[in-house]
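# Chain and residue survey
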Amino acid sequence: MKERLEELKQEALLQVEQADTSEDLQQVKVSFLGKKGPITEVLRGMGKLSKDERPVIGQMANEVREAISEAIETKQATLEAKKLEQQLKEEKIDVTLPGRPVPTGGPHLLTKLIQDIEDLFIGMGFSVAEGPEVEQDYYNFEALNLPKDHPARDMQDSFYITNELLLRTQTSPIQARTMEKHEGRGPVKIICPGKVYRRDTDDATHSHQFTQIEGLYVDENVRMSDLKGVLNEFAKQMFGNDREIRLRPSFFPFTEPSVEMDISCKLCNGEGCSVCKGTGWIEILGAGMVHPNVLRMSGFDPEKYSGFAFGMGPERIAMLKYGIEDIRHFYTNDVRFLKQFHQA
Ligand code: DAH
């Protein structure tokens, strides 16, 4: 039995030695020290031994078991240390690697354009004014010289909430509201960006909701030439120094005289192409000298004060500036579209 125990010990120690992983080691532990293992078997057979032999073999069996356990524990520690070392080697962080870019958002193309236009006019001494999107009929129409029977007030064109309340159809009511606040004293020099609403069917060039920027300058001795100077500056800063502008006679109820401003077509340099429909000019905005009725209704004396106003659509400007063909792109927010206009 002594020899058997010695053999077992040697064999176990050899297997411990050869174990490469914790799993191998566990296997060795189970097969030698487990309940069904050979050492247990030896201990079970002790009943057949003589009284003298029993304690000797018992002690020896315990020693063998302990020796094997100890060898397993030592090997286990070695394996773990090795594994850790391996891990440390493999998972080394290279701090010199360039970072992975984190995708960032940015202002929407229209937001950015409106901010740029604001900055441009702030640079010419204008300040920014705002007004409510749910507007009174009085400010949206009446105070702008649009009498009750004017065709532009047709229910077809406006989203009415009650008889006296509607979603504003233009940013022009901010003119009337701001002048009223000034109580007849100039100067008033504002631009007014905001959302407007019309009962239009959405297509490539129409949207039931879009944005406008209104401009108003009221003071003593404001003239048409001032309007032309400001618009010229705007056009050059927005579209490039080589652009020409021209003013064409037009009609708006709140201005007299009224004009529409065109810029020379950049694509064909005024020769005529499909974008400018062969004319060499592209319409950008409506403008004019503030109608005396509008001044009077908002508390300004038309004998003393005069002013100019203009209104433009940022969507239209963006479409021309960037060659965007469908107004709906601004609102459907496809990131692939928006991303093209990101500036870091
Ligand atoms: N409110 C006009 C529109 O929605 C645009 C406009 C034209 C505004 C001429 C003005 C202006 O202030 O003078 O079509």
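Residues numbered from 1 in each chain as written. Predicted model: local features only at pLDDT ≥ 70, side-chain atom pairs only at ≥ 80, totals over all residues. Heavy atoms only, no water.

### Side note on the site of the ligand
Counted only if it meets this: We call a residue near a molecule or strand when any one of its heavy atoms sits within 4 Å of it. Here a polar contact means two N or O atoms within 3.5 Å. Within protein one must be a hydrogen donor candidate and the other an acceptor candidate, and residues neighboring in sequence count only if both atoms are side-chain atoms. Note on areas: these come from Shrake-Rupley sampling with a 1.4 Å probe, and a residue is covered only by the protein chains present in the view. Under the scheme used here, helices are H or I runs from DSSP no shorter than 4 residues and strands are E runs no shorter than 2 residues, and both carry numbers assigned from the N terminus. Only Asp, Glu, Lys and Arg are considered charged in this grouping, and only Ala, Val, Leu, Ile, Met, Phe, Trp, Tyr, Cys and Pro are considered nonpolar; every other residue, Gly among them, is considered polar.
Close contacts around the ligand come from 15 residues, with Q170, Q175, R198, Q212 and E214 the closest. Between Q170 and the ligand, the recorded distance is 2.8 Å, taken from a side-chain N or O atom to a nitrogen atom. Protein contacts shield 89% of the accessible area of the ligand, which totals 350 Å² for the unbound molecule. Where the shell around the ligand is concerned, the elements lending two or more residues are β5 (209–219), β8 (281–290) and β9 (306–312). Of the residues that constitute the shell around the ligand, the class distribution is 5 nonpolar, 8 polar and 2 charged.

### Some details on the environment of L14
Spelled out, the test is: For every residue, the accessible area obtained with a 1.4 Å probe (protein chains only) is divided by the maximum for its type, and the residue is called buried under 20%, exposed over 50%, and partly exposed between those limits.
Mapped onto the fold, L14 is located in helix α1 (residues 2–18). Relative accessible area serves as the criterion here: at 47%, L14 is assigned to the partly exposed category. In sequence terms L14 and M289 are 275 residues apart; their C-alpha atoms lie 105 Å from each other.

### A few points about the domain arrangement of the chain
Note the following rule: What counts as a domain boundary in this text is fixed by an automatic or database domain assignment.
Domain assignment breaks the chain into domain 1 (2–90) and domain 2 (109–341). For domain 1 versus domain 2, the distance between C-alpha centres works out to 92 Å.

### What to know about the nonpolar core
Rule in force here: Remark: nonpolar core denotes a set of buried residues (Ala, Val, Leu, Ile, Met, Phe, Trp, Tyr, Cys) joined through side-chain atoms within 4.5 Å. Should any heavy atoms of two residues lie within 4.5 Å, those residues are considered in contact.
One finds F121, F234 and F310 to be the most contacted residues of the largest nonpolar core, which totals 44 residues. When contributions to this core are tallied by element, the ones reaching two or more residues are α5 (109–122), β5, α8 (224–239), β7 (255–264), β8, β9, α10 (314–322) and α12 (335–338). Filtering out sequence-adjacent residues up to four positions away, F310 remains in contact with F121, I191, I213, E214, G215, L227, L231, L285, G286 and A287. L8, F32, I57 and A61 belong to the second-largest nonpolar core, a separate cluster that totals 21 residues.

### Section: unusual backbone geometry
Following G186, the chain continues to P187 via a peptide bond in cis, the omega torsion being -5°. With respect to the helices and strands, the residue P187 is situated in the loop between α7 (173–182) and β4 (188–197). Between E256 and P257 the backbone carries a cis peptide bond, its omega angle lying at -5°. Take P257: it is sitting in strand β7. Even without a glycine there, the phi angle at N145 is positive, about 70°. Position of N145 among the secondary structure elements: in the loop between α6 (137–140) and β3 (165–167). Positioned with a positive phi, N221 is a non-glycine residue whose angle comes to about 60°. Its location among the elements puts N221 in the loop between β5 and α8.

### Here's the deal with the pairing of strand β6 (residues 245–252)
So the rule is basically this: When DSSP finds two or more bridges between two strands, those strands count as paired.
Examined bridge by bridge, β6 and β7 share 7 bridges and lie antiparallel to one another. Looking at β7, one finds that L247 is bridged to M261. The antiparallel pairing of β6 with β7 creates a hairpin that spans 2 residues between the two strands.

### Examining the sheet that holds β4
Here is the rule we go by: Angles shown run from 0 to 180 degrees and are taken between the N-to-C directions of axes, each axis being a line fitted to C-alpha atoms and, for helices, limited to the stretch in contact.
Read from one edge of the open sheet, 7 strands run β1-β4-β5-β9-β8-β7-β6, paired in mixed fashion. The sheet is open, and its two borders are formed by β1 (127–128) and β6, each paired with just one other strand. Inspection of the sheet shows β4 paired to β5 by 10 bridges, in the antiparallel sense. By the bridge assignment for β5, I191 is matched with G215. Docked against the sheet, α10 engages β5, β8 and β9, running at close to 150° with respect to β8.

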